[in-house]
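Here's the letter readout for the chains.
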Amino acid sequence: MVWSWRFEKADGTETSPAVEPEEFSTQGDAESWIGEVWKDLLDGGAERVTLFEDDTEIYGMSLRAAADA
């Protein structure tokens, strides 16, 4: 299993991330990584991220909501 993130702009279009991700072997590793770099991703233009396990969408979340919290 491979865990990966997709990055989207506010309008929902896919965008390249400001911080280049890797492929993760566990969900926890993927979530830890996003927790460390979400501010850089937001500053680079990504507004939302979606976590995938292989080709299966697990969940999505707003980076802007995290910044406003």
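Residues numbered from 1 in each chain as written. Predicted model: local features only at pLDDT ≥ 70, side-chain atom pairs only at ≥ 80, totals over all residues. Heavy atoms only, no water.

Student: Would you mind showing me how to read the pairing of strand 2 (residues 48–53) here?
Tutor: A regular strand places its side chains so that they alternate between the two faces of the sheet. Most of strand 2 sits out of view: five of its six residues are buried. Of the pairings in the sheet, the one linking strand 1 (residues 3–8) to strand 2 comprises six bridges and is antiparallel in character. Along strand 2, the bridge assignment pairs R6 with T50. Sheet topology places strand 2 next to strand 3 (residues 56–62); six bridges connect them, and they run antiparallel. Along strand 3, the bridge assignment pairs R48 with S62. Once strand 2 ends, the chain turns through two residues before running back antiparallel as strand 3, passing D54 with a positive phi of about 55°. (Buried < 20%, exposed > 50% of the residue type's maximum accessible area, 1.4 Å probe, protein only. Helix = DSSP H or I, 4+ residues; strand = E, 2+ residues; numbered from the N terminus. Pairing = 2+ DSSP bridges.)

Student: Teacher, can you tell me more about the sheet that holds strand 3 here?
Tutor: Two orientations exist for strands paired in a sheet by backbone hydrogen bonds: parallel and antiparallel. Ordered by their spatial adjacency, three strands build an open sheet running 1-2-3, and the pairing between neighbours is antiparallel. Of all the strands in the sheet, just strand 1 and strand 3 have a single pairing partner and so form its edges. Each neighbouring strand pair of the sheet contributes to a mean axis angle of 25°, computed without reference to strand direction. Lying on the sheet, helix 1 (residues 27–43) is in contact with strand 1, strand 2 and strand 3; it crosses strand 1 at an angle near 25°. (Axes fitted to C-alpha atoms, helices over the stretch in contact; angles between N-to-C directions. Contact = heavy atoms within 4.5 Å.)

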